[in-house]
Amino acid sequence: MSKIYAAGILGIGCYVPEKILTNHDLEKMVDTSNEWIIERTGIKTRHIAAPEQATSDLATIAAQRALQSANVKAEDLDLIIVATASPDMAFPSTACLVQENIKATKAAAFDLSAGCSGFVYSLTVASQMIVSGLYKNILIIGAEALSKIMNWKDRNTCILFGDGAGAAVIGRVEDGYGTLGFNLGADGSGGHTLCQPAGGSRIPASLETVEKDMHYIHMSGNEVFKFAIKVMGEAANAALQAANISANEVDLFVPHQANIRIINSAAKRLGLSMDKVVVNLEKYGNTSAASIPIALCEALEQGRIKKGDNVALVGFGAGLTWAACVLKWSME
Ligand code: ACO
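Residues numbered from 1 in each chain as written. Predicted model: local features only at pLDDT ≥ 70, side-chain atom pairs only at ≥ 80, totals over all residues. Heavy atoms only, no water.

Examining the overall build of the chain
Phase 1: Scanning the chain from N- to C-terminus turns up eleven helices and 13 strands.
Phase 2: Its C-alpha radius of gyration of 19 Å places the chain within 12% of the 20 Å reference for a compact globule of 332 residues.
Phase 3: Overall, the C-alpha framework of the chain stretches about 55 × 45 × 35 Å when taken along its three principal axes.
Phase 4: By the burial criterion, 56% of the 332 residues in the chain qualify as buried.
Phase 5: Of the contacts made within the chain by residues no fewer than 6 positions apart, 76% connect residues no fewer than 24 positions apart.
Phase 6: Each charge class in the chain can be summarised by its mean position, and for the 28 positive and 33 negative side chains these summaries are 4 Å apart. (Helix = DSSP H or I, 4+ residues; strand = E, 2+ residues; numbered from the N terminus. Rg over C-alpha atoms; globule rule 2.2 N^0.38 Å. Buried < 20%, exposed > 50% of the residue type's maximum accessible area, 1.4 Å probe, protein only. Contact = heavy atoms within 4.5 Å. Lys, Arg positive; Asp, Glu negative; His and termini not counted. Charge placed at Lys NZ, Arg CZ, Asp CG, Glu CD.)

Right, here's the structure in full:
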């Protein structure tokens, strides 16, 4: 299909639940310390969804804020994509639940499963549909209530993650602006290093799976760490090359917020000074698919992005997957 339109972000919104869980709170729950968590991850606090809040509730608030920022009505949406690893349920999709909540009656809707890379995967998919002329307004959301599938007795995982949602409306922008280059990838051989083992068709839910904690997130942190260090720089470089932009032309780098050591390593590899890098993981922890849109949303609110800036987004996550996108910022 030949390119007809340029695609970019028309508006963005985010939401995190009220409740804050500090490292000191975690010290009372598992054998860990505030010092260890800060030194090894950079995280100080994370937000936790209320008992009655599911992923679609967080996604809906972020979606409403993005629609307002874009000045687009819900009924003018053609498609909703929700990237999540913690859907309300296996089916219907969380995207269909959001569609009903915001009354986007003309929108198609589906979920996208790519772990923490999900938002950038969604941006890539949505972009192609705008570029081709198939759709005009697409709502993409990264949303997670990972606290609901967290083993609060496992110090290897429970200190890392937080809940939240970020959304963007993708549509037509001026020529030369918007999404310029992408790089998506996957390595299924590492799938076992980050997974929720039971509850699907391989290991259906049973009393035994519950007793063995198999419905929680299981992670080999060190293996994921090594993978992340490798792919973050590679994916960003490949997307920059596709966009025909060099790393020193990047005005803002928005990496997945998993671990400050992974972010530092990626910035170093790209030769970027830290003042060009968005870091907010100390407040939110790793919110998986929500981390990049929340970071982007905050950077915009803080006046760190202006029209014409080159913005690079890069993530990695369960799958294992990676995804990068370079945009020339089109919002005033
Ligand atoms: N508190 C105190 N000690 C701990 C904790 C904790 N919370 N967790 C682990 N330790 C201990 C370990 O048991 C180990 O002890 P040992 O040496 O006696 O065996 C020691 O600390 C070092 O453990 P490592 O796992 O080697 O520590 P590492 O420096 O690798 O940090 C971490 C662990 C933070 C998990 C890191 O590997 C990491 O960030 N990995 C990436 C994880 C990630 O990003 N996952 C999300 C992917 S995105 C998605 O799709 C959801």
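Structural notes on the domain arrangement of the chain
Phase 1: For the chain, the assigned domains are domain 1 (6-176) and domain 2 (179-328).
Phase 2: Here domain 1 and domain 2 have C-alpha centroids that lie 13 Å from each other.
Phase 3: Every contact between the two is made by 51 residues of domain 1 and, on the other side, 46 residues of domain 2.
Phase 4: Across the domain 1/domain 2 interface, buried area totals approximately 3800 Å², and carbon plus sulfur atoms make up 65% of it.
Phase 5: Linking domain 1 with domain 2 are one salt bridge, by the criterion used here.
Phase 6: Remark: the boundary between domain 1 and domain 2 carries 20 residue pairs in polar contact (both at pLDDT 80 or more).
Phase 7: Listed by contribution, the elements that provide at least two residues to the side of domain 1 that touches domain 2 are β1 (6-15), α2 (34-41), β3 (45-48), α5 (118-131), β6 (137-144), α6 (155-158) and β7 (164-173).
Phase 8: Its residues placed into classes, the side of domain 1 that touches domain 2 shows 22 nonpolar, 20 polar and nine charged. (Domains from an automatic or database assignment. Buried area = accessible area lost by both parts, 1.4 Å probe. Salt bridge = Lys/Arg side-chain N within 4 Å of Asp/Glu carboxyl O. Polar contact = N/O pair within 3.5 Å; in protein donor to acceptor, adjacent residues only side chain to side chain. Nonpolar A, V, L, I, M, F, W, Y, C, P; charged D, E, K, R; others polar.)

Remarks on the side chain of Asn151
Phase 1: Here Asn151 is to be found in the loop between β6 and α6.
Phase 2: In contact with Asn151, other than residues within four places in its own chain, are Thr157, Cys158, Asp213 and Tyr216.

Thoughts on the state of the cysteines
Phase 1: On inspection of all chains with the given rule, the structure shows zero disulfides.
Phase 2: Note on Cys325: no disulfide assigned, nearest cysteine sulfur contributed by Cys297 at a separation of 17 Å.
Phase 3: In this structure Cys325 comes out as buried when scored by relative accessible area, which is 1%. (Disulfide = S-S within 2.5 Å.)

Looking at the side chain of Asp154
Phase 1: Within the secondary structure, Asp154 is located in the loop between β6 and α6.
Phase 2: Buried and without a salt bridge, Asp154 has Arg155 as its closest oppositely charged side chain, separated by 6.8 Å.
Phase 3: Residues in contact with Asp154, not counting those within four places in the same chain, are Val30 and Ile217.

Remarks on the packing of aromatic side chains
Phase 1: The final tally for this structure, using the stated rule, is one aromatic pair.
Phase 2: Measuring from ring centre to ring centre gives 6.0 Å for Phe227 and Trp322, while their planes differ by 55 degrees; the resulting arrangement is tilted. Linking Phe227 in helix α8 (residues 221-243) with Trp322 in strand β13 (residues 321-328), this pair joins segments that are 95 residues apart in sequence.
Phase 3: The exposure class of Phe227 is buried, given its relative accessible area of 11%.
Phase 4: Taking the ring centre of Tyr5 as reference, the NZ or CZ of Arg172 above it sits at 3.7 Å. (Phe/Tyr/Trp six-rings, centres within 6.5 Å; stacked < 30°, edge-to-face > 60°. Lys NZ or Arg CZ within 6 Å of the ring centre and 35° of its normal.)

Description of the pairing of β7
Phase 1: Most of β7 sits out of view: nine of its ten residues are buried.
Phase 2: Across eight bridges, the pairing between β6 and β7 is antiparallel. Residue pairing across strands places Ile141 opposite Ala167, the latter belonging to β7. (Pairing = 2+ DSSP bridges.)

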